[in-house]
Amino acid sequence: MPLRLGVMASGAGSNFEALVDSFRHGSLCGEVALLVVNNRDCGAQRRAERLGIDWELHDHRLQPNREQLDQALVQAFRTASVDLVVMAGWMRVVTPILIGAFPNRLINIHPSLLPSFRGLDAVGQALAAGVTLAGCTAHLVSEEVDAGRILVQAAVPVLSGDDHASLSRRIQVQEHRILPLAVALAAQG
Ligand code: GRF
């Protein structure tokens, strides 16, 4: 069955574009049916315009609380008949309203080898800790932040001389590889 994927993004949107590429030229069957952004004119929105993907702005600043924002997202994804949703750099904490609407079908990508370095600036945390292996994790979303069931991980070495930018770039290459794998796994249940 072709998959209808929803994607949520706040920033540059490179993971969003990697998912679109996987549908168009890679292993995934279906399409990204809807991108939701919370920051107007973010990179993800501009990529959607270039790629011809439907997108909607849901600005969290215009909602009274997290629950109302998530309710609006659920409505948008249901209207777009989305089967599965990926948080691809969504910089907001989500609530049981969104999690419960897509049980085992809401995925997040996080730039660390979870359960290490949950939360903000995982790459900075890894550098500060002096680990020699960093990486990324695609996981199901649970109410506890960055703690849901792990679907796919990839490890990358931390090289001497690495800074935040160089390590982030190496991790992102792997994010773009494992996120479509995680989507395929979650779609198979
Ligand atoms: C990724 O590094 C992801 O792990 C984190 O946010 C970043 C999003 O990057 N959650 P992009 O917007 O997909 O380029």
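**Some remarks on the pattern of salt bridges**
Per the stated rule, a full pass over the model turns up six salt bridges. Between Arg118 and Glu144 there is a salt bridge; the shortest N-O distance is 3.2 Å. Here Glu144 lies in the loop between strand E6 (133–140) and strand E7 (150–157) and Arg118 lies in the loop between strand E5 (106–110) and helix H5 (122–129), a separation of 26 residues in the sequence. The class for Arg118 is partly exposed, based on a relative accessible area of 37%. One network of salt bridges, with partners in common, ties together Glu17, Arg47 and Arg50.

**Points about helix H3 (residues 66–79)**
Compared with an ideal rise of 1.5 Å per residue, which puts 14 residues at 20 Å, H3 spans 20 Å between its outermost C-alpha atoms and is within 8% of the ideal. Looking at the packing, one finds that the buried side of H3 touches strand E1 (3–9), strand E2 (30–37), strand E3 (55–57), strand E4 (84–87) and helix H4 (96–101). Its side-chain oxygen at 3.2 Å from the backbone nitrogen of Glu67, Asn65 defines the N-terminal cap of H3. Trailing H3 by a residue or two, Ser81 shows a phi angle of about 50°, which is positive.

**A closer look at the environment of Glu31**
Of note, Glu31 is situated in strand E2. A relative accessible area of 39% means that Glu31 is categorised as partly exposed. Distance from Glu31 to Leu3, taken between C-alpha atoms, is 6.3 Å for residues 28 residues apart in sequence. When sequence neighbours within four positions are dropped, the list of residues in contact with Glu31 reads Leu3, Arg4, Leu5 and Phe23.

**Describing unusual backbone geometry**
Of note, the bond from Leu114 into Pro115 is cis; its omega dihedral lies within 30 degrees of zero at 15°. Positionally, Pro115 belongs in the loop between E5 and H5. Its identity is not glycine, yet Ser81 carries a phi of approximately 50°, on the positive side. Overall, Ser81 belongs to the partly exposed group, its relative accessible area being 45%. Here the phi dihedral of Phe117 falls at roughly 60°; this positive angle occurs in a residue that is not glycine.

Rules of the game
- Residues numbered from 1 in each chain as written.
- Predicted model: local features only at pLDDT ≥ 70, side-chain atom pairs only at ≥ 80, totals over all residues.
- Heavy atoms only, no water.
- Salt bridge = Lys/Arg side-chain N within 4 Å of Asp/Glu carboxyl O.
- Helix = DSSP H or I, 4+ residues; strand = E, 2+ residues; numbered from the N terminus.
- Buried < 20%, exposed > 50% of the residue type's maximum accessible area, 1.4 Å probe, protein only.
- Expected span 1.5 Å × (residues − 1).
- Contact = heavy atoms within 4.5 Å.
- Polar contact = N/O pair within 3.5 Å; in protein donor to acceptor, adjacent residues only side chain to side chain.

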